[in-house]
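Architecture at a glance
Residues per chain, in single letters:
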Amino acid sequence: MQLNEWKKLVSESRNIVFFGGAGTSTESGIPDFRSASGLYNTGTNEKYAPEDILSRDFFWERREDFYTFYKSKMVYTDAMPNQAHEALVRLEQRGQLKSIITQNIDGLHQKADSQNVLELHGSIHRNRCTDCGSRYGLDAVMASEGIVPYCKNCGGLIKPEVVLYQESLDMELLGRAAHDIQQADMLIVAGTSLTVQPAAGLVRLYRGNKFILINKSSTPMDRMADLVISDSIGSVLSELVE
């Protein structure tokens with residue numbers, strides 16, 4: 001089937017679900033994790049591996065090292081939505097896109113004006129005091145007096161509401177994502193290695209025959225997809241949606 005035929009299928013679909021990973025934001029200047037130039041393969045810290053730094057134990061035991069890495073490698077305050085984010089907004093405004101399920105924590109879907117976004121791994125824009133529960137935005141974390149942000153109300157440690165290694169995903173959110181995928185008449189998956197569980201296992205719940213997979217490298221689920229494209233996510237989505 002040619003791309004033009006898939007464009008027709010997109011235009012006819014009324015219950016599209018988009019499932020995206022870090023590759024969705026690389027065209028906004030945010031590095032992914034597992035590609036050759038990704039965060040896990042570029043030696044970003046001589047002392048600790050990124051997987052160790054981004055763990056619950058490390059956060060509590062080495063909070064200054066955690067926040068040094070987090071602020072410099074996980075937060076990109078100047079990043080702007082790219083073509084992929086904008087194409088999804090157009091789909092949603094037409095009433096065709098029912099939900100965006102993302103593994104990203106950057107908030108770019110909301111910045112682009114998408115409304116129904118399920119953030120499986122949390123967001124850098126939501127932060128909470130671990131003692132009194134006071135909530136803080138990203139600006140408060142980035143502008144803290146020291147490298148580690150502390151609560152202005154009680155002095156407690158502020159923690160980003162992102163899912164670290166050793167932490168569980170929100171089961172209610174996971175259930176909503178599973179329901180949306182099961183109900184979808186088209187599933188578009190982009191920018192994810194589909195190796196992280198349980199999020200990646202959600203894709204297996206799709207039972208339709210319009211499964212589009214856009215990723216620069218191969219994934220364990222390429223054989224399941226009805227269309228596999230190895231190209232720019234932004235340009236492909238823009239063409240499919242136009």
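Rules of the game
Each residue is numbered by its place in its chain's sequence as written, counting from 1. In keeping with the predicted nature of the model, local features appear solely for residues at pLDDT of at least 70, side-chain atom pairs appear and are counted solely at 80 or more, and the whole-chain, interface and lining totals rest on all residues. Heavy atoms throughout the structure, all of them, feed into the side-chain values; hydrogens and water do not. Only DSSP runs of H or I with at least four residues qualify as helices, and only runs of E with at least two residues qualify as strands; both kinds are numbered from the N terminus onward. Every radius of gyration here is taken over C-alpha atoms, with the globule rule written as 2.2 Å times N^0.38, N being the number of residues. Categorising residues by exposure relies on relative accessible area from a 1.4 Å probe, with only protein chains included: less than 20% of the type maximum marks a residue as buried, more than 50% marks it as exposed, and the intermediate range marks it as partly exposed. The Shrake-Rupley method, run with a 1.4 Å probe sphere, supplies the accessible areas, and residue values consider only the shown protein chains as cover. The charged-residue count follows a simple rule in which Lys and Arg add positive charge and Asp and Glu add negative charge, with His and chain termini not counted at all. For the purpose of locating charges, the reference atoms are NZ of Lys, CZ of Arg, CG of Asp and CD of Glu. A pair of strands is treated as paired once DSSP finds two or more bridges between them. Pairs of residues are marked as contacts when any of their non-hydrogen atoms sit within 4.5 Å. Think of each axis as a best-fit line through the C-alpha atoms, taken over the contacting stretch in the case of a helix, with angles from 0 to 180 degrees between the N-to-C directions. For the purposes of these results, a polar contact is taken to be a pair of N or O atoms within 3.5 Å, where, inside protein, one atom must be able to donate a hydrogen and its partner to accept one; residues adjacent in sequence count only when each atom of the pair is a side-chain atom. The pairing test for Phe, Tyr and Trp rings, Trp by its six-membered ring, is centres within 6.5 Å, and the orientation test on the planes gives stacked under 30 degrees, edge-to-face over 60, and tilted for anything in between. We call a charge positioned over a ring when the NZ of a Lys or the CZ of an Arg lies within 6 Å of the ring centre and within 35 degrees of the ring normal.

**Considering the overall build of the chain**
Across its full length, the chain carries nine helices and nine strands. Taken over C-alpha atoms, the radius of gyration comes to 18 Å for the chain, in line with the 18 Å a tight globule of 242 residues would show. Principal-axis analysis of the C-alpha atoms gives the chain an extent of 55 × 35 × 30 Å. The buried share of the chain, taken over its 242 residues, is 51%. Accessible area of the chain: about 11,700 Å², with a carbon and sulfur share of 46%. Across the chain, the centroid of the 25 positively charged side chains sits 3 Å from that of the 31 negatively charged ones.

**So, the pairing of strand β6 (residues 158-162)**
For β6, the tally of buried residues reaches four of five residues, placing the bulk of the element in the interior. In this structure, strand β4 (residues 122-129) lies alongside β6, joined through five bridges in antiparallel fashion. Looking across to β6, one finds that Arg128 is bridged to Lys159.

**Concerning the sheet that holds β4**
The antiparallel open sheet is built from three strands, whose spatial order is β5-β4-β6. The open sheet has two edge strands with one neighbour each: β5 (135-136) and β6. In the sheet, β4 pairs with β5 via two bridges, with the strands oriented antiparallel. Pairing of Arg128 across the sheet is with Arg135, part of β5. Contacts from helix α4 (residues 63-74) reach β4 and β6, with the element oriented near 45 degrees to β6.

**Some details on the side chain of Ser232**
Position of Ser232 among the secondary structure elements: in the loop between β9 (227-229) and α9 (233-241). At 3.1 Å, the side chain of Ser232 and the side chain of Glu27 are in polar contact. With residues near it in sequence (within four places) discarded, Ser232 still touches Glu27 and Lys216.

**Thoughts on the packing of aromatic side chains**
As enumerated under the stated definition, the model contains eight aromatic pairs in all. With a centroid separation of 5.3 Å and 85 degrees between ring planes, the pair formed by Phe59 and Trp60 is classed as edge-to-face. Residue Trp60 is classed as partly exposed on the basis of its relative accessible area of 41%. Ring plane angle 90 degrees and centroid distance 5.3 Å describe the contact between Phe66 and Tyr67, whose orientation is recorded as edge-to-face. Take Phe66 and Tyr67: they sit in the same class, and that class is buried. Ring pairs connect the aromatic residues Phe59, Trp60, Phe66, Tyr67 and Tyr70, which therefore count as one cluster. Its guanidinium or amino end placed over the ring of Phe59, Lys159 lies 5.8 Å from that ring's centre, counting from NZ or CZ.

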